[in-house]
Amino acid sequence: MSTLTIPHVIPSPQEDCEKLHTAFSGWGTNEGDIIEVVTHRTADQRNAIRWTYHDIYGEDLLKSLDKELTQDFEKAVLLWMLDPIERDVTLVNGAVKKWAPHDRVLVEIAVTRTANELLAVRKAYQEKYKKSLEEDVAAHTTGDFRKLMVPLVSSYRYEGPEVDSGLAKSEAHILRKHIKDEEYNHEEVIRILTTRSKSQLMATFNAYHEEHGNPINKDLKKDPKDDFLFALRSIIRCITCPERYLEKVIRLSMKNTGTDEDALTRVITTRAEVNLKEIKEIYYKRNTVKLEHAIKKDTKGHYEDFLLALVDSDEE
Amino acid sequence: MADETLSLKKAFSGHGGFGVDETTMAAMVTKWRKQPDQKSRFRSDFSGFFTKIGSIEKCEDDYLLRLKTEFSRFKNIMVLWLMHPWERDARWMHHVMHKSYPFTVIVEIACTRTSEELLGAKRAYQALFNHSVEEDVAYHIKESYSKLLVGLVSSFRYEGPQVDNDMAKWEAKALGNVIKSAGSGKLIQNEEVIRILTTRSKRHLKATFKHYKELHGKPIEEDLGANLCLQETVKCIDKPAKYFSEAINIAFKEGADKPSKLSLTRVIISRADVDMEEIKETYHKQFGVKLEDMITKNTHGHYKDTLLTLIGK
């Protein structure tokens, strides 16, 4: 569920644009007003603001924001202002261009989005970059990762609830065989993980656990440093428990010294209107500390204010 | 009388030609009304289709099956004509899973339809069969060309005008290198080959094939060996009219098998509103005979009339 708080009386897009424009004018920038407006509007409302701003002032709002803001705060606001599909397109393009085996973004987006959302991302990617997502992923990855990532971003999974339990058992068996033989990159492993429907896969993972004693991810931990195994485990978690997976991404982004702002920004902006509420609940259960508290501790300035405005919901 | 018998035999074509001549059959019923001995003579004259068990006359089972097929050509083409193109493509692809159609039908559909048409077919497939076409192809087809097929069917190719010419040249070179070094059996599973053929836009691939020819002095098809899947993929992407013209030609060949003959209906129905004119020209150039003449000569009845109308005679 969304964590956004929307005011009872929403100003018109014109009023919002005037407030933003005023925030940009003169010396300095009124970041507080910017946060006030953008973090309390839905995606549709934000789109309306962008169009209206362009109509009134003849400039793309995002360009103005780019000029006025800096660093992590700027990155976060710009990402937030994009519509959800554009946002995913920007994120995957960024991930592909600087792809390395430890990349987490492609798996996260390819697997946690619905089949039609992923398809919309592929279409919008083509319009923006004049190439298909698949061809860019194929051109920037190699070896086992290419074998896994190309089908993963090209998948258009069936989304019905039907489950064939005989098939789940036999495919659990196939997975077990290849995992036992450490053939993690085997075609059958990739086929099953990248083509089957999510319902079918959950049944398969359950069958795996029942028939073979361990949850499948436990058997994929042979080498904790292996990026390919990590990718496989991520795929499985994104299918079975996407909110827990995303909680971990957030938690690790604020671990120890330093903060991975990119990861933190990514999850919060992409999930604020989707399931951030559930992720917060898991965070609290897991860490006995509210997510807001962790953000306060780990970030500062306008970036912190921006994140808190998105995360902090009405009920507090 | 001999003439009548001949035309009735021809009407019940069962062999040689496609479809049945419903009009002639109905006319004969009228003509031979209340003349059982005419029919009796016809049966004994029509060897290969009627036989005897002792003194009991019977139809050959084989003939009955063939007759069933020929009678249903008209029914099938009418049903397909009315059907939504997405459902058509989904059902044809589904037939491949259950082995009644050759895998080349999947190459055909994945490579000759536009990205939106292929997407529509995939959605129809999911709605009809509760599985994605990708998972079914990956699961049911376990051949050397499976990876290529899954890649082809998963594609949602860019269709805009932009082509990176330098990249196309580079990939033409890369393909040349792979072809030289890989054994022809291994070519179909080569990652680079699959990547290029299943992810690049069609415009990009046409440019790549053009560069290949300039670089190596011959079209890439000649270097792909006996690899049917690769050959068909290249042909469908680069010269679809040629591909369809050849599929039609195979259907008309002497001794063509059932799936090959079914191509005639499939090609004409699916291309009637798309590139039929180009296919007709290509067919004429390649085989020295007009498509409408081939159809007129080799098909019968309402099936024939429908085909002729569809090709825009």
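Our structure is the block above this text.
These numbers were taken from a predicted model, which means no experiment stands behind them. (Residues numbered from 1 in each chain as written. Chains lettered and ligands numbered in written order. Predicted model: local features only at pLDDT ≥ 70, side-chain atom pairs only at ≥ 80, totals over all residues. Heavy atoms only, no water.)

Enquirer: Could you give an account of empty space enclosed by the protein, with specific residues and numbers?
Expert: The tally for this structure, following the rule as stated, stands at 5 cavities of 30 Å³ or more. Size it by volume and the largest cavity reaches roughly 80 Å³. Contributing to the lining of the largest cavity are Trp99, Pro101, Asp103, Arg104, Leu106, Val107, Phe145, Met149, Phe230, Ala231, Ser234 and Tyr245 of chain A. Elements with a minimum of two residues in the lining of the largest cavity: α7 (105–112), α10 (143–154) and α15 (227–240) of chain A. Both of domain 2 (84–154) and domain 3 (165–240) of chain A provide at least three residues apiece to the lining of the largest cavity. What the second largest cavity holds in volume is close to 50 Å³. In terms of lining residues, the second largest cavity is bounded by Leu175, Ile179, Val193, Leu197, Phe209, Ile220, Leu224, Leu230 and Val234 of chain B. (1 Å grid on protein atoms, 1.4 Å probe; cavity = no way out; pocket = protein on both sides within 12 Å on 5 of 7 lines; lining within 4 Å. Points joined across faces, edges and corners; volume = space filled by probe spheres on them. Helix = DSSP H or I, 4+ residues; strand = E, 2+ residues; numbered from the N terminus. Domains from an automatic or database assignment.)

Enquirer: Explain the environment of aspartate 262 of chain A to me, using residue names and the numbers behind them.
Expert: Residues and elements named next belong to chain A. Tracing the backbone through its elements, the reader meets aspartate 262 in helix α17 (residues 261–271). When its relative accessible area of 43% is taken as the criterion, aspartate 262 is described as partly exposed. C-alpha of aspartate 262 to C-alpha of lysine 75: the two residues are 187 residues apart in sequence and 8.5 Å apart in space. (Buried < 20%, exposed > 50% of the residue type's maximum accessible area, 1.4 Å probe, protein only.)

Enquirer: Before we move on, could you go through the pattern of salt bridges and cite the residues and values that matter?
Expert: Counted under the stated rule, the structure contains 46 salt bridges over all chains. Notably, a salt bridge pairs arginine 91 of chain B with glutamate 87 of chain B, separated by 2.8 Å at the nearest N-O pair. Highlighted residues: arginine 91 of chain B and glutamate 87 of chain B, both in helix α5 (residues 85–97), separated by 4 residues, approximately one helical turn. Judged by relative accessible area, which is 23%, glutamate 87 of chain B ranks as partly exposed. One network of salt bridges, in which partners are shared, links Glu135 and Arg146 of chain A together with Glu171, Glu192, Arg195 and Arg200 of chain B. (Salt bridge = Lys/Arg side-chain N within 4 Å of Asp/Glu carboxyl O.)

Enquirer: Lay out the pairing of strand β2 (residues 56–59) of chain B in plain terms, naming residues and giving numbers.
Expert: Both strand β1 (residues 50–53) of chain B and β2 of chain B contribute to a ladder of 4 bridges, which runs antiparallel. Its bridge partner lying in β2 of chain B, phenylalanine 50 of chain B is registered against cysteine 59 of chain B. (Pairing = 2+ DSSP bridges.)

Enquirer: I'd like a rundown of the nonpolar core, residues and numbers included.
Expert: Residue and element names in this part refer to chain A. Ranked by internal contacts, the top residues of the largest apolar core, which has 91 residues, are Leu65, Ile250, Ile268 and Phe306. It is α15 that provides the largest number of residues to this core, a total of 8 residues. The residues contacting leucine 65, other than those within four sequence positions of it, are Phe24, Ile34, Val77, Leu78 and Met81. (Core = buried A, V, L, I, M, F, W, Y, C linked by side-chain atoms within 4.5 Å. Contact = heavy atoms within 4.5 Å.)

Enquirer: Break down helix α16 (residues 276–287) of chain B for me, citing the residues and quoting the values.
Expert: Residues and elements named next belong to chain B. With 12 residues, α16 extends 16 Å between its outermost C-alpha atoms, agreeing within 8% with the 16 Å of an ideal straight helix rising 1.5 Å per residue. Listed in full, the buried residues belonging to α16 are Met276, Ile279, Lys280, Thr282 and Tyr283. Along α16, the residues classed as buried sweep out an arc of 165 degrees about the axis, all on the same side. Exposed residues lying more than 90 degrees from the buried face of α16 are Glu281 and Lys285. Looking at the packing, one finds that the buried side of α16 touches α14 (240–252), α15 (258–271), α17 (291–298) and α18 (301–310). Following α16 by one or two positions, glycine 288 adopts a phi angle in the positive range, close to 70 degrees. (Expected span 1.5 Å × (residues − 1). Arc of directions from axis to C-beta.)

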